[in-house]
There are 2 protein chains.
Amino acid sequence: MANTISERELAFLLYEFLDTDSLLQRERYVSHSREVFDATLETARQLAEDLMAPHLHEADENEPKFVEGQAKLIAPTHVAWKAVAETGFLSAHWNEDEGGLQLPEVVLRAAMSAFYAANAGTASYAMLTIGASNLLRSFGSDALKARYLAPMGDGRFAGTMALTEPSQGSALGDIRTSAVAQPDGSYRLSGQKMFISGGDQDMTENIVHMVLARIQGAPAGVKGISLFLVPKWLPGEGDALGERNDVALAGLLHKMGWRNTTSTVLSFGEQGGAVGWLVGREHQGLAHMFQMMNEARIGVGVMSASIAWRGFSESLNYARERPQGRLPSCKDPLSPQVKLVEHADVRRLLLAQKAYAEGSLALCLYACSLFEDQHTHPDVAAREDARQLLDVLTPVVKSWSARYGAAANDMAIQVLGGAGYTRDYPLEQLYRDQRLNMIHEGAEAIHGIDLLSRKVVMEQGAGLRQFMDTVRRDVQRAADAGLRQEAAALGTALDHLQEVSIALTALQRSEPDLALANATVYLDAFGRVTLAWIWLRQGLVATQALTGAGTEAANHYHGKLQAMRYFFQWELPQTEAQWTLLARVDRCAFDMHDAWFV
Amino acid sequence: MANTISERELAFLLYEFLDTDSLLQRERYVSHSREVFDATLETARQLAEDLMAPHLHEADENEPKFVEGQAKLIAPTHVAWKAVAETGFLSAHWNEDEGGLQLPEVVLRAAMSAFYAANAGTASYAMLTIGASNLLRSFGSDALKARYLAPMGDGRFAGTMALTEPSQGSALGDIRTSAVAQPDGSYRLSGQKMFISGGDQDMTENIVHMVLARIQGAPAGVKGISLFLVPKWLPGEGDALGERNDVALAGLLHKMGWRNTTSTVLSFGEQGGAVGWLVGREHQGLAHMFQMMNEARIGVGVMSASIAWRGFSESLNYARERPQGRLPSCKDPLSPQVKLVEHADVRRLLLAQKAYAEGSLALCLYACSLFEDQHTHPDVAAREDARQLLDVLTPVVKSWSARYGAAANDMAIQVLGGAGYTRDYPLEQLYRDQRLNMIHEGAEAIHGIDLLSRKVVMEQGAGLRQFMDTVRRDVQRAADAGLRQEAAALGTALDHLQEVSIALTALQRSEPDLALANATVYLDAFGRVTLAWIWLRQGLVATQALTGAGTEAANHYHGKLQAMRYFFQWELPQTEAQWTLLARVDRCAFDMHDAWFV
């Protein structure tokens, strides 16, 4: 079926590309089995097909309404939410003693890719709630956990992350929402938050906002921000809900796509102060929130890849069925029309989509496996390695998947031509939905600067070394397995990346503004190298598995090898112009004067 | 103002980049003056600001409705149409003896860019009507011209081009609409047309469809297609309208953007046959229609550039006003926020938009000046040169402007971040509107094949030689004027283009399918070379004009030079990987098997 990631692809990524089976050796997963993992994927696929995909278009045409101070969603969204909750996806990765199933992170995220492919606007409520509850699990007091975790796990409560404010945008250091300590240990919050996804809806009994604010008298900038839990409804007697908290839905933002996820303006404290409780330590809020942000960034990567894969699948189906035109060599106008897929340029559009969508999904699930290793690997040093590598890769996971996911969805429209531009096919909506992914969880420029000014230099460059060493090991393995051309090309690209990284790192000490002026190009080139590596790894698996494979499996492996070749012939060579530009520290944009624009 | 192309930019393109003044020497324009040209541009700008820009959003939110067999548009569209007609834009370029003003093509198109920037969905009715009436002027019988030209010139009638059918898409040779000759010299047409822009509306008394169909017994393929004029309402007594013709609005297509232009399914002859009259010669319909298609392709280029320029202008205004964050070198969280435009990556996004939008607008107006030369240049050889060069450039004008216009509008959203993704700003609509331009008037792949298999080989490569010679002359001029680095880079790129063109032309004789497999890449590389040349020409003008320029003018010239540098440092170098791929005749997409995709 076209609506979700294919079963074979997910199995390839989890069990051949990644060694998910080996997790069963770890203490946390001894009571699991591959059957449990597969059943989880199958449950998600069914749920996505039956309860999410059918209202993709309906939700787009009937975006949430602001009715009497509350956001109202169409009914199928409620049904899907309930099903996600009842099948246990909101708490599946929790420990058993928290009420969870101890499902590995990588299996949960692979399962959720089905939701995103089917209907990202509906599925994101689950992603946000999981992120908020993870934050609570990591940093919340026992009292807060006792009150809020269970209903966030069973879907009675949903969660949000409330960072952005109208006057500050991407610069978190400038947030102004204030928090005043109360004698009872709680705080009263006042301020306005904007672009808060899921900030209001009518599906759950309560909404748990994880809010960044400044405690009165806190230092300026990012070092004076604290994290608070602020519920929509205050606690009442026992487990019951009490009064409405002083959090008001000030407005809904009307988006180009992704419409079924409310994007809200929330006013805290217009009636004297919203009641909130500190999560974690004073002034450490941003550091704590980065856990949720990093998780959300990988989540956005998975979403991007999934929406790209959906577009790939839809346009492939169309190209296989639609007869149109003839090959250039055919001069007989009476000969039958050929299918679209027989035109070389249509195959290019499909192959590029495959390279982008499957490449980024593979990268995202690899990142999830690093998250897994960071937390459950038996070897402490391996945990540390995984953490460092994941830190470096996170900006790429988020940004590359979003940008090339958008490129893939653009190509999907092009395969259909005029039909793809109409609302009779889902391609135009996927294109609109996907566009958000380059913006939320940090716009692309933010990730370029994060990568070049933090991730690459942190811990004396340990993360970058991790990356280089890991890739070089795979380059050697690929060369040994006969993928010599690709191995050599990637080796050369790595050399360039290293040289450029060293030069730009050094320049940051003397001229940080200039050194970071082309950080977005650096991010893109880093991403191409990363994806070439991910494709080389997939090609390596396919090469080794081809021997003795049946026809159907062999077709899949041949497709992997062809997509790998595409990436190495079409995408990686484009880094050459980028290395030149970066090595020269190009000043075109840097030197441009405002007054010169028009 | 942000809603239309700036006055200064159009003046630069017409009078400095192009030598539009010199047209006044030509016989057709002796009674004109620069004041007339400027007054025309000013009228268009006012009309665009006052009557088109204000309903851009309203028209998007209230797309045409299908009411009792007719498409109904919102009222402001009617008002704008009437104003365009009353100010004479529909016939301004006609000869005086046709009732026109003999306005040069390039001035008309420059004026219309204001309409497209303000509201493409409303403006396209004018473009279509002008195209249809031009077709009638070129190939129509005196009787048809006598009846239809005047009301198409004064806006009582509108025009369309009706090519595409549901089962044939881009392959025009497969159209099936039939035409049966009648004793009175007319024809009866039957068949269904799809994606017909402006195919129905309620603004004009009549609609004149220019329809491709096959006369009974005609040869198969493109050589059996004829062109017909089929009005919505048949002629009555004298100049009055008579009966409704057998053309029915079968449905409206619901598009992602560009919503105010109806996209229709039209049924011809469901009641026995739609009355139509042959335009031009039997079986020559496609050749005739190519006049309108080529005109429309340049029109789509101008539209793309104009929408890109609008996005550039809107995002520039936002970036100049919105404070956000600090430069990387600033470590003081108490220092004031800087404006977005002070961030280097925002300037990159603006500079790239400038390079794309102004570059493609310059290219499109250059193409219009070639059209002008082809028809009014006093020297016959120069007319022929202009025709050949225009033929080669048309696929680039259309496709490059559309693709990089879309890239520009994508960047405009990114400058605004989350705000750009909301419907509170026009950027998201521009992005949706722009996306059509890569599809209509020939999807990108069609133009790649057109360029490589027809335009480059036609007349023993005369068009390509024209292009090469013209560019090499400008390279020499630029080198002489001190732009040595850019001149050298363009010279090298030209060498590559020539080598690749020769090799792929030769390969087409033995393996046409393989030789054309990467035609879209060839088109993109050809486009980059073309735009580098266009920027070099603009840079040359700016270099020469800088001496003695006042501050404001100097700022504009500095901006041109910086955009030129950007194009040569960031865009042209990306052709290097493309030449390698083309020279190798990369087989990745060509060799991909359908069964390998998933």
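Because the structure is a prediction, the values reported are computed rather than measured. (Residues numbered from 1 in each chain as written. Chains lettered and ligands numbered in written order. Predicted model: local features only at pLDDT ≥ 70, side-chain atom pairs only at ≥ 80, totals over all residues. Heavy atoms only, no water.)

Novice: Pulling in residues and values, what's your account of the overall build of chain A?
Specialist: Counting its secondary structure elements, chain A contains 18 helices and twelve strands. Scaling as 2.2 N^0.38, a compact globule of 598 residues should have a C-alpha radius of gyration of about 25 Å, and chain A matches this with 24 Å. On the principal axes, the C-alpha backbone points of chain A span a range of 80 × 60 × 55 Å. Looking at chain A as a whole, 66% of its 598 residues qualify as buried. (Helix = DSSP H or I, 4+ residues; strand = E, 2+ residues; numbered from the N terminus. Rg over C-alpha atoms; globule rule 2.2 N^0.38 Å. Buried < 20%, exposed > 50% of the residue type's maximum accessible area, 1.4 Å probe, protein only.)

Novice: Residue-level account of the side chain of B:Asp174, with values.
Specialist: Mapped onto the elements of the fold, B:Asp174 is located in the loop between strand S3 (157-162) and strand S4 (178-181). Residue B:Asp174 is classed as buried on the basis of its relative accessible area, which comes to 13%. At 2.7 Å, the side chain of B:Asp174 and the side chain of A:Arg326 are in polar contact. At a separation of 3.0 Å, a polar atom in the side chain of B:Asp174 contacts the side chain of A:Gln337. (Polar contact = N/O pair within 3.5 Å; in protein donor to acceptor, adjacent residues only side chain to side chain.)

Novice: Before we move on, can you summarise the interface of chain A and chain B with the specific residues and values?
Specialist: Taken together, the contact between chain A and chain B spans 97 residues of the former and 97 residues of the latter. Between chain A and chain B, the buried area comes to about 8400 Å², and carbon and sulfur atoms account for 59% of it. Summed over the shared surface of chain A and chain B, the number is eight salt bridges. A salt bridge links B:Glu63 to A:Arg423, with the nearest nitrogen and oxygen atoms 2.5 Å apart. At the boundary of chain A and chain B, one finds 45 residue pairs in polar contact (both at pLDDT 80 or more). For the side of chain A that touches chain B, the residue count by class is 45 nonpolar, 23 polar and 29 charged. (Contact = heavy atoms within 4.5 Å. Buried area = accessible area lost by both parts, 1.4 Å probe. Salt bridge = Lys/Arg side-chain N within 4 Å of Asp/Glu carboxyl O. Nonpolar A, V, L, I, M, F, W, Y, C, P; charged D, E, K, R; others polar.)

Novice: An account of empty space enclosed by the protein is needed here, citing residue identities and associated values.
Specialist: Within the structure shown, the criterion is met by 16 cavities of 30 Å³ or more. Of the pockets and cavities examined, the largest cavity occupies roughly 1500 Å³. Around the largest cavity sit 49 residues that line it, and A:Arg528, A:Gln574, B:Tyr404, B:Arg528 and B:Gln574 are the ones nearest its centre. In terms of residue count, the dominant contributor to the lining of the largest cavity is helix H9 (residues 380-416) of chain A (seven residues). A per-class count over the lining of the largest cavity returns 27 nonpolar, eight polar and 14 charged. (1 Å grid on protein atoms, 1.4 Å probe; cavity = no way out; pocket = protein on both sides within 12 Å on 5 of 7 lines; lining within 4 Å. Points joined across faces, edges and corners; volume = space filled by probe spheres on them.)

Novice: How would you sum up the packing of helix H13 (residues 484-510) of chain A against helix H16 (residues 551-571) of chain A? Please name residues and give values.
Specialist: Residues and elements named next belong to chain A. Interaxial distance between H13 and H16 falls to 11 Å at its minimum, and their mutual angle equals 40°. One way to sum up the angle between H13 and H16 is to call them oblique. Considering only the axes of H13 and H16, their crossing is left-handed. Together, Gln485, Glu486, Ala489 and Leu490 of H13 and Met564, Arg565, Phe568 and Gln569 of H16 make up the contact between the two elements. When its residues are assigned to classes, the contact of H13 with H16 shows four nonpolar, two polar and two charged. (Axes fitted to C-alpha atoms, helices over the stretch in contact; angles between N-to-C directions. Parallel < 35°, antiparallel > 145°, perpendicular 65-115°, else oblique. Left-handed = near helix turned anticlockwise from the far one by under 90°.)

Novice: Could you give an account of the pairing of S3(B), naming the residues involved and the relevant values?
Specialist: Among the six residues in S3(B), six count as buried, and that is most of the element. Of the two faces of S3(B), the one holding B:Phe157, B:Gly159 and B:Met161 and the one holding B:Ala158, B:Thr160 and B:Ala162 are both buried throughout.

Novice: Give a detailed account of the pattern of salt bridges, specifying residues and quantitative values.
Specialist: Scanning the model with the defined rule gives 76 salt bridges over all chains in all. Residue B:Asp410 is joined to A:Arg435 by a salt bridge in which the shortest nitrogen-to-oxygen separation is 2.7 Å. With B:Asp410 in helix H9 (residues 380-416) and A:Arg435 in helix H10 (residues 427-435), this residue pair bridges two chains. Comparing B:Asp410 with A:Arg435, the two get one shared label, buried. A salt bridge links B:Arg34 to B:Asp21, with the shortest nitrogen-to-oxygen separation between them at 3.4 Å. Of the two residues, B:Arg34 sits in helix H2 (residues 34-52) while B:Asp21 sits in the loop between helix H1 (7-17) and H2, which places them 13 residues apart along the sequence.

Novice: A description of the environment of A:Ala595 should follow, citing residues and the corresponding values.
Specialist: Locating A:Ala595 in the fold gives a position in the segment after helix H18 (588-591). In this structure, the C-alpha to C-alpha distance between A:Ala595 and A:Glu105, residues 490 residues apart in sequence, is 50 Å. With near-sequence residues (within four places) excluded, A:Ala595 lies in contact with B:Arg320 and B:Asn555.

Novice: A description of the packing of aromatic side chains should follow, citing residues and the corresponding values.
Specialist: All names here are of chain A. For the structure on display, the rule yields 33 aromatic pairs over all chains. On the basis of an interplanar angle of 50° and a centroid distance of 6.1 Å, the ring pair of Tyr148 and Phe157 is categorised as tilted. By relative accessible area, Tyr148 is classed as buried at 2%. Aromatic rings pair up to connect Tyr366, Phe467, Tyr522, Phe526 and Trp533 into one cluster. (Phe/Tyr/Trp six-rings, centres within 6.5 Å; stacked < 30°, edge-to-face > 60°.)

Novice: Explain helix H5 (residues 105-139) of chain B to me, and be specific about the residues and the numbers.
Specialist: Residues and elements named next belong to chain B. Given a rise of 1.5 Å per residue, 35 residues ought to cover 51 Å, yet the end C-alpha atoms of H5 are separated by just 19 Å, more than 12% below that figure. The largest bend along H5 reaches roughly 135° and is located at Asn119. Among the 35 residues that make up H5, 33 are buried, leaving the element largely enclosed by the rest of the structure. (Expected span 1.5 Å × (residues − 1). Bend = angle between axes of the 7 residues up to and from the residue.)

Novice: Lay out helix H4 (residues 75-86) of chain B in plain terms, naming residues and giving numbers.
Specialist: Because each turn of an α-helix spans 3.6 residues, side chains separated by three or four positions in sequence point in the same direction. Its twelve residues place the ends of H4(B) 17 Å apart at the C-alpha level, agreeing with the 16 Å of an ideal helix rising 1.5 Å per residue. When H4(B) is considered as a whole, its buried residues turn out to be B:Thr77, B:Ala80, B:Trp81, B:Ala83, B:Val84 and B:Ala85.

Novice: Give me the lowdown on the relation of the copies chain A and chain B, citing residues and values where you can.
Specialist: Overlay of chain A on chain B (RMSD 0.0 Å): rotation 180°, translation along the axis 0.0 Å. Within this description, the copies of the chain are treated as partners about a two-fold rotation axis. When C-alpha positions in chain A are compared against the rotation axis, the closest is assigned to A:Gln574, at 3.3 Å. When the interface residues of chain A are mapped onto chain B, 100% of them again lie at the interface, so the same face is used by both copies. (Least-squares fit on C-alpha atoms with pLDDT ≥ 70 in both.)

Novice: Can you explain the confidence of the model for chain A? Please cite residues and give values.
Specialist: On average, residues of chain A carry a pLDDT of 96, and 100% of them reach 70 or more. Taken over the whole predicted complex, pTM reads 0.98, whereas the ipTM for its chain interfaces reads 0.97. (pLDDT = per-residue confidence, 0-100.)

Novice: So what's going on with the packing of helix H15 (residues 519-546) of chain B against helix H16 (residues 551-571) of chain B? Residues and values would help.
Specialist: Residue and element names in this part refer to chain B. Here H15 crosses H16 at 150°, and the two axes come no closer than 9 Å. Classified by the angle between their axes, H15 and H16 sit roughly antiparallel to one another. As H15 runs across H16, the sense of the crossing is left-handed. Only Ala554, Tyr557, His558, Lys560, Leu561, Ala563, Met564, Phe567, Phe568 and Glu571 of H16 make contact with H15, whose side of the interface consists of Arg528, Leu531, Ala532, Trp535, Leu536, Gln538, Gly539, Ala542, Thr543, Ala545 and Leu546. Residue classes in the contact of H15 with H16 are distributed as 14 nonpolar, four polar and three charged.

Novice: How would you sum up unusual backbone geometry? Please name residues and give values.
Specialist: Excluding glycine, most residues fall at negative phi; most peptide bonds, likewise, are trans. Residue and element names in this part refer to chain B. One non-glycine residue, His283, lies in positive phi territory at about 65°. For His283, a relative accessible area of 24% corresponds to the partly exposed category. Located in the positive-phi region is Gln460, a residue other than glycine, with phi close to 50°. Assessed through its relative accessible area of 69%, Gln460 is described here as exposed.

Novice: Give a detailed account of the environment of A:Gln192, specifying residues and quantitative values.
Specialist: Residue and element names in this part refer to chain A. Mapped onto the secondary structure, Gln192 falls in strand S5 (residues 187-197). On the basis of relative accessible area, Gln192 is assigned to the partly exposed category, the value being 33%. On a C-alpha basis, the gap between Gln192 and Gly269 in space is 8.7 Å, while along the polypeptide they are 77 residues apart. When residues no more than four places from it in sequence are discounted, the contact partners of Gln192 are Thr164, Glu165, Pro166, Thr177, Ala250, Val265, Leu266 and Ser267. A polar contact is formed between the side chain of Gln192 and the side chain of Ser267, at a distance of 3.2 Å.

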